[in-house]
Amino acid sequence: MMDNKTFIITGIIVALLIGVVAVFLASGDPDGLESSALVVQGQKELTGDTPENAEIQEDLNGKFSYNSPMPDYALGEEMGPLGGIIAIVFGTILAFLVVLGLAYGIKSAGKPAK
């Protein structure tokens, strides 16, 4: 049986491999929520390819908005695919640290006070 440290390191390595490989296997055509928004706005039909000029138009007057530090999982056009890989590795490690912090907080909250 594997100890906890080995299990966690193996899990991080597997998550990083999946994240990096998935970038190159993913479709460039928007799907899911983004595709649904294009259909609702009349910029895309339910069948056929997405038009090249189809961009989601948002009315953000008086609403919360932000700019992503790594839009579309990239660090800019000048870095190319390497920027995407760096962004995915950084995001995976950041997500792991957030979950680890939450787990530690929950564990600490469950301990009786001394």
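Residues numbered from 1 in each chain as written. Predicted model: local features only at pLDDT ≥ 70, side-chain atom pairs only at ≥ 80, totals over all residues. Heavy atoms only, no water.

1. Some details on the overall build of the protein
Summing up its helical and strand segments, the protein has three helices and zero strands in all. In sequence order, the protein lays out its α and β elements as α-α-α. Residue burial in the protein is summarised as follows: out of 114 residues, 11% are buried. Put simply, 24% of the contacts in the protein that link residues at least 6 apart link residues at least 24 apart. Here the protein displays about 9700 Å² of accessible surface, and carbon together with sulfur accounts for 64% of that area. (Helix = DSSP H or I, 4+ residues; strand = E, 2+ residues; numbered from the N terminus. Buried < 20%, exposed > 50% of the residue type's maximum accessible area, 1.4 Å probe, protein only. Contact = heavy atoms within 4.5 Å. Areas by Shrake-Rupley, 256 points an atom, 1.4 Å probe, with all protein chains shown as cover.)

2. Section: a nonpolar patch on the surface
A surface patch of nonpolar side chains, about 310 Å² in accessible area, is lined by Leu-75, Met-79, Leu-82 and Ile-86. Along the chain, Leu-75 falls in the loop between helix H2 (32-40) and helix H3 (80-110). Leu-75 sits in the partly exposed class, given a relative accessible area of 31%. (Patch = residues over 30% accessible without salt bridge, like charges linked within 9 Å, V, L, I, M, F, W, Y side chains within 5 Å. Salt bridge = Lys/Arg side-chain N within 4 Å of Asp/Glu carboxyl O.)

3. Here we look at the confidence of the model for the protein
On average, residues of the protein score 77 in pLDDT, and 73% of them reach the 70 mark or higher. Per-element confidence in the protein is highest for H3, whose mean pLDDT is 87, and lowest for H2, whose mean pLDDT is 73. (pLDDT = per-residue confidence, 0-100.)

4. Here's the deal with the packing of helix H1 (residues 4-25) against H3
The interhelical angle for the contact between H1 and H3, taken along N-to-C directions, is 145°, at an axis separation of 10 Å. The handedness of the crossing between H1 and H3 is right-handed. In this structure, H1 uses Ile-8, Ile-12, Ala-15, Leu-16, Gly-19, Val-20, Val-23 and Phe-24 to contact H3, whose residues at the interface are Pro-81, Ile-85, Ile-88, Val-89, Thr-92 and Phe-96. Residue composition of the contact of H1 with H3, by class: twelve nonpolar, two polar and no charged. (Axes fitted to C-alpha atoms, helices over the stretch in contact; angles between N-to-C directions. Left-handed = near helix turned anticlockwise from the far one by under 90°. Nonpolar A, V, L, I, M, F, W, Y, C, P; charged D, E, K, R; others polar.)

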